[in-house]
Amino acid sequence: MQTYFSDPVVAQTTAFRNGSLQGAYLIIAARALGLDCGPMSGFNNEAVDTNFFPGTRTKSNFICSIGYGSDGNMFPRNPRLTFEESGRIT
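Residues numbered from 1 in each chain as written. Predicted model: local features only at pLDDT ≥ 70, side-chain atom pairs only at ≥ 80, totals over all residues. Heavy atoms only, no water.

*Asks:* Would you mind showing me how to read the overall build of the protein here?
*Replies:* On a plain count of helices and strands, the protein comes out with three helices and two strands. In sequence order, the protein lays out its α and β elements as α-β-α-β-α. Its C-alpha atoms give the protein principal-axis dimensions of about 50 × 45 × 25 Å. Sequence-distant contacts in the protein: of pairs separated by 6 or more residues, those separated by 24 or more amount to 53%. (Helix = DSSP H or I, 4+ residues; strand = E, 2+ residues; numbered from the N terminus. Contact = heavy atoms within 4.5 Å.)

*Asks:* How should the layout of surface pockets be read in this particular structure?
*Replies:* If a probe as big as a water molecule is rolled over the atoms, it shows which places are left empty. In this structure, the largest pocket encloses a volume near 490 Å³. Counting only elements with at least two residues in the lining of the largest pocket, the list comes to strand E1 (36-40) and strand E2 (63-67). With four residues, the top contributor of residues to the lining of the largest pocket is E1. Split into classes, the residues belonging to the lining of the largest pocket amount to seven nonpolar, six polar and four charged. Taken as a whole, the second largest pocket encloses approximately 260 Å³ of empty space. Along its surface, the second largest pocket is lined by Gln 12, Ala 15, Phe 16, Gly 19, Arg 57, Thr 58, Lys 59, Ser 60 and Asn 61. Tallied by class, residues from the lining of the second largest pocket come to two nonpolar, five polar and two charged. (1 Å grid on protein atoms, 1.4 Å probe; cavity = no way out; pocket = protein on both sides within 12 Å on 5 of 7 lines; lining within 4 Å. Points joined across faces, edges and corners; volume = space filled by probe spheres on them. Nonpolar A, V, L, I, M, F, W, Y, C, P; charged D, E, K, R; others polar.)

*Asks:* Sorry, what's going on with helix H1 (residues 8-32) here?
*Replies:* Because each turn of an α-helix spans 3.6 residues, side chains separated by three or four positions in sequence point in the same direction. With 25 residues, H1 should cover 36 Å at 1.5 Å per step; its first-to-last C-alpha distance of 36 Å lies within 8% of that length. Among the residues of H1, Thr 14, Gly 23, Ile 27 and Ala 30 are the ones counted as buried. Buried residues belonging to H1 abut E1 and E2. Of the residues flanking the start of H1, the one acting as N-cap is Asp 7, its side-chain oxygen 3.0 Å from the backbone nitrogen of Val 9. Within two residues after H1, Gly 34 carries a phi angle of roughly 90°, on the positive side. (Expected span 1.5 Å × (residues − 1). Buried < 20%, exposed > 50% of the residue type's maximum accessible area, 1.4 Å probe, protein only. Polar contact = N/O pair within 3.5 Å; in protein donor to acceptor, adjacent residues only side chain to side chain.)

*Asks:* What exactly am I supposed to notice about a nonpolar patch on the surface here?
*Replies:* On the surface, Leu 21, Tyr 25 and Ile 28 cluster together into a nonpolar patch covering about 330 Å² of accessible area. Inspection of the secondary structure assignment puts Ile 28 in helix H1. (Patch = residues over 30% accessible without salt bridge, like charges linked within 9 Å, V, L, I, M, F, W, Y side chains within 5 Å. Areas by Shrake-Rupley, 256 points an atom, 1.4 Å probe, with all protein chains shown as cover. Salt bridge = Lys/Arg side-chain N within 4 Å of Asp/Glu carboxyl O.)

*Asks:* Just to check I follow, could you spell out the environment of Ala 47 for this structure?
*Replies:* Inspection of the secondary structure assignment puts Ala 47 in helix H2 (residues 45-52). Given a relative accessible area of 31%, Ala 47 falls into the partly exposed group. Through-space distance from the C-alpha of Ala 47 to that of Arg 77 is 29 Å; in sequence the pair is 30 residues apart.

Shown next, in the form of structure tokens:
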């Protein structure tokens, strides 16, 4: 019997998506507790994996700093589009 995850591409794609969703839940829970979160991508995944997960099959997806920020060390929120700028009702 062949399982859904026997295809390595399907297994990797599903695991990556589920890992991203779990990261989003972590961020939502941390923010609900009053913590500040700084999720990011665009880093050298290979370097992170080599330094933090040597000899394992674990791979990084994103990094998220979690803690209590202050006005002196937090970036301001980036501007957001208004509904009038980004949407319309037809």
